[in-house]
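Spelled out from the first residue to the last, the chains are:
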Amino acid sequence: MEDHQKTSEKARGYSIYHDLSIAASPEAVFKAVSLPEHLINWWPLRCSGTPAKGSTYNFYFTPDYDWYGEVSDCEPNTLFSIKMTRSDADWDPTSFGFEIEESGDGVRLHFFHTGWPACNAHFKTASYCWAMLLNGLKMYLEKGIILPFEERS
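Keep in mind the model is a prediction, meaning the values are calculated, not measured. Positions within a chain are numbered from 1, following the residues in the order the chain's sequence is written. Where local features are concerned, this predicted model is filtered to residues with pLDDT of at least 70; where side-chain atom pairs are given and counted, the filter is 80 or more; whole-chain, interface and lining totals use all residues. As a convention, hydrogens and water are excluded, and side-chain values are obtained from all of the structure's heavy atoms.

A. Representation of the overall build of the protein. Of the regular secondary structure elements, the protein holds four helices and seven strands. Its helices and strands taken in sequence order, the protein reads α-β-α-α-β-β-β-β-β-β-α from the N to the C terminus. Values of the radius of gyration come from C-alpha atoms, whereas the globule rule sets the reference at 2.2 Å times the count of residues to the power 0.38. Against the globule reference of 15 Å for 153 residues, the protein gives a C-alpha radius of gyration of 15 Å, in line with a compact fold. Projecting the C-alpha coordinates of the protein onto the three principal axes gives extents of approximately 45 × 40 × 30 Å. Exposure classes here rest on a 1.4 Å probe applied to the protein chains alone. A residue is buried below 20% of its type maximum, exposed above 50%, and partly exposed in between. Taking all 153 residues of the protein together, the buried fraction comes to 41%. Should any heavy atoms of two residues lie within 4.5 Å, those residues are counted as being in contact. Within the protein, contacts between residues at least 6 apart in sequence are counted, and of these 44% link residues at least 24 apart. Of the roughly 8200 Å² of accessible surface on the protein, 51% is carried by carbon and sulfur atoms. Of the charged side chains in the protein, 13 are positive and 21 negative, and the gap between their average positions amounts to 3 Å. In DSSP terms, a helix is any run of H or I states spanning at least four residues, a strand is any run of E spanning at least two, and both are numbered starting from the N terminus. Per-residue and other accessible areas follow the Shrake-Rupley method at a 1.4 Å probe size, with only the shown protein chains counted as cover for residues. Only four residue types enter the tally: Lys and Arg on the positive side, Asp and Glu on the negative side, with His and both chain ends excluded. Charged side chains are reduced to one point each, which is NZ for Lys, CZ for Arg, CG for Asp and CD for Glu.

See below:
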């Protein structure tokens, strides 16, 4: 049974999932995860793109990490996801995104980053970094705090 699970995981890849509650409207959360002028406040140093299916996004972190992806899903205030197209060998086969669910006084945000080819050190580091970045997104939306780029994980 254990060997079958390992074979099955390799066939579909590895995935990162995080859920968090954010005291903000679905509209505010959607803007923060899809508009470049908001993304730069919690994730990349620079960003460009338009939240529309098929649109190309550029996520610029450093000259060595100047990555691109294509919007695969865009449902305003509900869902936004990107399929990576030009990044590195681990990220290129992946997709990440945000499902926004209205909940009580805010939103329950369901984050996913799927299609990782291996459960290697990069995958494990990315999972940790996403958790930290999503906390930064929460602080940005709830308190207006923008962590300087150099301090983001």
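On we go from here.
B. Up close: helix H4 (residues 121–143). For H4, spanning 23 residues, the distance from its first C-alpha to its last is 32 Å, which sits close to the expected 33 Å at 1.5 Å a residue. Here the buried face of H4 lies against strand E1 (14–22), helix H2 (26–34), helix H3 (36–39), strand E6 (95–103) and strand E7 (106–116). Residues adjacent in sequence count toward polar contacts only when both atoms are side-chain atoms; beyond that, a polar contact is any pair of N or O atoms within 3.5 Å, and within protein one must be able to donate a hydrogen and the other to accept it. The backbone nitrogen of His122 has a side-chain oxygen 3.2 Å away, supplied by the residue at the start of H4, namely Asn120. Multiplying 1.5 Å by the helix residue count minus one yields the expected span of that helix.

C. Structural detail: the pattern of salt bridges. Note on definitions: salt bridges are taken to be side-chain nitrogens of Lys or Arg within 4 Å of carboxyl oxygens of Asp or Glu. If you walk through the whole model with that rule in mind, you get one salt bridge. Lys138 is paired through a salt bridge with Glu142; the nearest N and O atoms lie 3.0 Å apart. Placement of the pair is Lys138 and Glu142 together in helix H4, with a separation of four residues, close to one helical turn.

D. Looking closely at the packing of aromatic side chains. The pairing test for Phe, Tyr and Trp rings, Trp by its six-membered ring, is centres within 6.5 Å, and the orientation test on the planes gives stacked under 30 degrees, edge-to-face over 60, and tilted for anything in between. Using the criterion set out here, one finds 21 aromatic pairs in the structure. Arranged with centres 5.5 Å apart and planes meeting at 40°, the rings of Phe96 and Trp130 form a pair that is tilted. One end of the pair, Phe96, is in strand E6; the other, Trp130, is in helix H4, and 34 residues separate them in sequence. A single burial state applies to Phe96 and to Trp130, both of which are buried. Charges are assigned to positions over rings by a cutoff of 6 Å between ring centre and Lys NZ or Arg CZ, combined with an angular limit of 35 degrees from the ring normal. Of note, Arg46 hangs over the ring of Tyr60, and the distance from its end group to the ring centre comes to 3.8 Å.

E. Structural detail: a negative patch on the surface. What goes into a patch is any residue over 30% in relative accessible area without a salt bridge, connected to like charges within 9 Å or, for nonpolar side chains (Val, Leu, Ile, Met, Phe, Trp, Tyr), within 5 Å. Taken together, the side chains of Asp19, Asp73, Glu75, Glu99 and Glu101 define an acidic patch exposed on the protein surface. Those elements that provide at least two residues to the negative patch are strand E4 (65–75) and E6. By the element assignment, Glu101 lies in strand E6. Its relative accessible area of 41% is what places Glu101 among the partly exposed residues.

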